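What follows is the residue order along each chain.
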Amino acid sequence: MANLLFCLNATIPLFLLLVLGMVFTKFKIFDEVFVAKLNSFVFQIALPVLVFYDLCREDFYSLWDGRFVLFCFIATALSIALTAAIAFLLPDKSTRGEFIQAAYRSSAAILGIALIQNLYGSSGMAPLMIIGSVPLYNIMAVVVLSFFQPAHGTLDKKRLASAGIGILKNPILWGVLLGLFWALLNLPMPQILDRTLENIGRLATPLGLLSMGAAFDIKKALKSAKSAGLAAFIKLIGLGLIFVPIAVFMGFTGNKLVSILIMCCSSTTVSSYIMAKNMDHEGTLTSSTIMLTTFFLAFTLTGWLFVLKTLGLL
């Protein structure tokens, strides 16, 4: 019951922010121009700062476990490959990029650290899981959304060049690279800069959720319900059925196993929607998947924890 209440407390407020965004649009508090500018701010400023801030504070050297990081990296890479293969079976080609990103990309950093701190009193191995998965999440999201942009036709040299330039200019990718660079060199962070970056980064999730709810179109969502449902199943259950047993077989238990569970089976991150919208995708399938995974996460994650606890693995 305690785990269920914790998961509900972690996910329901996020879901309510989505609903508030819809309400604000309904009552004309938000309009289309404002939502577009809000999306742009979150994508260009808040999310890159959040990614940078999360990574730059990690003490890579004292926590380092190469075997665990390598497992997280390989599991993430295989998850992306698997969801990409499934995406090619979708009849609507324009949604394939959104489907891939929504089905593999977890809210690993925020939810992972929060849950492990709740269970074990510290962040445990969550920082190493973040190192192994989150940079790859972000980089591959840029790649996938660039190559599967609906407006593009066949994959020619011009499209490859355009996608490559888009990837290099992506602000979230730069946030990842700068964050890793800062942490690896163990550069100091002045308190004034630390507080400023923290405050800007905190804006990313609530503003992203509000803008996503404001732009949510129920009629379009119903059209992509099957694809969103499939993506949600893969995100919350499917990937876990593949990689959690492998992790157990390899001897990972305790907070390492919980970190892997979060990586595979947590809700789709809000930044997926912001990136999709700002890279010329419609965003409906992404927002639908985020809403579904956010709503059902408390129940599926609690089920996973109960099973692993019963088996004596936590």
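Residues numbered from 1 in each chain as written. Predicted model: local features only at pLDDT ≥ 70, side-chain atom pairs only at ≥ 80, totals over all residues. Heavy atoms only, no water.

### As for the overall build of the protein
Part 1: When its secondary structure is counted, the protein shows 16 helices and zero strands.
Part 2: The buried share among the 314 residues of the protein stands at 51%.
Part 3: The contacts in the protein between residues at least 6 apart in sequence include a share of 85% that link residues at least 24 apart.
Part 4: With the model as given, the accessible surface of the protein reaches about 14600 Å², and the carbon-plus-sulfur share is 70%. (Helix = DSSP H or I, 4+ residues; strand = E, 2+ residues; numbered from the N terminus. Buried < 20%, exposed > 50% of the residue type's maximum accessible area, 1.4 Å probe, protein only. Contact = heavy atoms within 4.5 Å. Areas by Shrake-Rupley, 256 points an atom, 1.4 Å probe, with all protein chains shown as cover.)

### Digging into unusual backbone geometry
Part 1: Not every positive phi belongs to a glycine, and Lys28 is a case in point at roughly 65°.
Part 2: With respect to the helices, strands and loops of the structure, Lys28 is situated in the loop between α1 (2-26) and α2 (32-56).
Part 3: With relative accessibility at 70%, the residue Lys28 sits in the exposed group.

### Structural notes on a nonpolar patch on the surface
Part 1: A cluster of nonpolar side chains, Leu82, Ile242, Ile246, Phe249 and Met250, forms an exposed patch at the surface whose accessible area comes to about 450 Å².
Part 2: In terms of residues, the nonpolar patch owes the most to one element, helix α13 (residues 225-249), which gives three residues. (Patch = residues over 30% accessible without salt bridge, like charges linked within 9 Å, V, L, I, M, F, W, Y side chains within 5 Å. Salt bridge = Lys/Arg side-chain N within 4 Å of Asp/Glu carboxyl O.)

### Brief notes about the packing of aromatic side chains
Part 1: Scanning the model with the defined rule gives seven aromatic pairs in all.
Part 2: Relative to Phe30, the ring of Phe24 lies with its centre 5.2 Å away and its plane at 65°, an arrangement referred to as edge-to-face.
Part 3: Their ring planes at 75° and their centres at 5.6 Å tell us that Phe68 and Phe252 sit as a pair that is edge-to-face. You can see Phe68 sitting in helix α4 (residues 66-87) and its partner Phe252 sitting in the loop between α13 and α14 (254-265), a full 184 residues away along the chain. We note that Phe68, like Phe252, is buried.
Part 4: Aromatic ring contacts, followed pair by pair, group Phe24, Phe30 and Phe34 into a single cluster. (Phe/Tyr/Trp six-rings, centres within 6.5 Å; stacked < 30°, edge-to-face > 60°.)

### As for the pattern of salt bridges
Part 1: Throughout the structure, instances matching the rule amount to two salt bridges.
Part 2: Where Lys256 meets Asp65, a salt bridge forms, and the shortest distance between an N and an O atom there is 2.6 Å. Here the residue Lys256 occupies a position in helix α14, and Asp65 occupies one in the loop between α3 (60-63) and α4, the gap between them amounting to 191 residues.
Part 3: Given the relative accessible area of 23%, Lys256 is considered partly exposed.
Part 4: Note that Arg202 is salt-bridged to Glu198, the shortest N-O span being 2.8 Å. Of this pair, Arg202 and Glu198 both sit in helix α10 (residues 191-202), separated by four residues, roughly a single helical turn.
Part 5: Judged by relative accessible area, Glu198 falls into the partly exposed class, the value being 22%.

### Focus on the state of the cysteines
Part 1: Across all of its chains, the model carries zero disulfides by this definition.
Part 2: For Cys72, which is in no disulfide, the shortest distance to another cysteine sulfur is to Cys264 and amounts to 8.1 Å. (Disulfide = S-S within 2.5 Å.)

### Concerning α14
Part 1: Taking 1.5 Å as the rise per residue, α14 with 12 residues should run 16 Å; its terminal C-alpha atoms sit 16 Å apart, in good agreement.
Part 2: Counting buried residues in α14 gives 10 out of 12 residues, a clear majority hidden from the surface.
Part 3: Listed in full, the buried residues belonging to α14 are Gly254, Leu257, Val258, Ser259, Ile260, Leu261, Ile262, Met263, Cys264 and Cys265. (Expected span 1.5 Å × (residues − 1).)

### Describing the side chain of Thr95
Part 1: Position of Thr95 among the secondary structure elements: in the loop between α4 and α5 (96-104).
Part 2: In this structure Thr95 comes out as buried when scored by relative accessible area, which is 12%.
Part 3: Non-local contacts of Thr95, meaning those with residues more than four positions away in its chain, are made with Leu90 and Leu285.

### Topic: the UniProt feature "transmembrane region" (unreviewed entry) in the protein
Part 1: UniProt annotation of "transmembrane region" (unreviewed entry) refers to residues 6-27, 34-53, 68-90, 126-148, 160-185, 230-252, 258-276 and 288-307 when read in the numbering used here.
Part 2: Between the end C-alpha atoms of residues 68-90 the distance is 34 Å, and the span holds 87% helix and 0% strand.
Part 3: Overall, residues 258-276 shows 74% helix and 0% strand. The separation of its end C-alpha atoms is 29 Å. (UniProt positions renumbered as here; feature names shortened; annotations may be inferred.)

### Topic: the nonpolar core
Part 1: Within the largest apolar cluster, 70 residues are counted, with the highest numbers of intra-cluster contacts made by Phe99, Ile260, Leu261, Met263 and Met275.
Part 2: Here the element with the most residues in this core is helix α7 (residues 126-147); it accounts for 11 residues.
Part 3: Those residues in contact with Ile260, other than ones at most four positions away along the chain, are Phe68, Phe71, Cys72, Ala247 and Phe252.
Part 4: Residues Val49, Phe52, Tyr53 and Leu197 belong to the second largest nonpolar core, which totals six residues. (Core = buried A, V, L, I, M, F, W, Y, C linked by side-chain atoms within 4.5 Å.)

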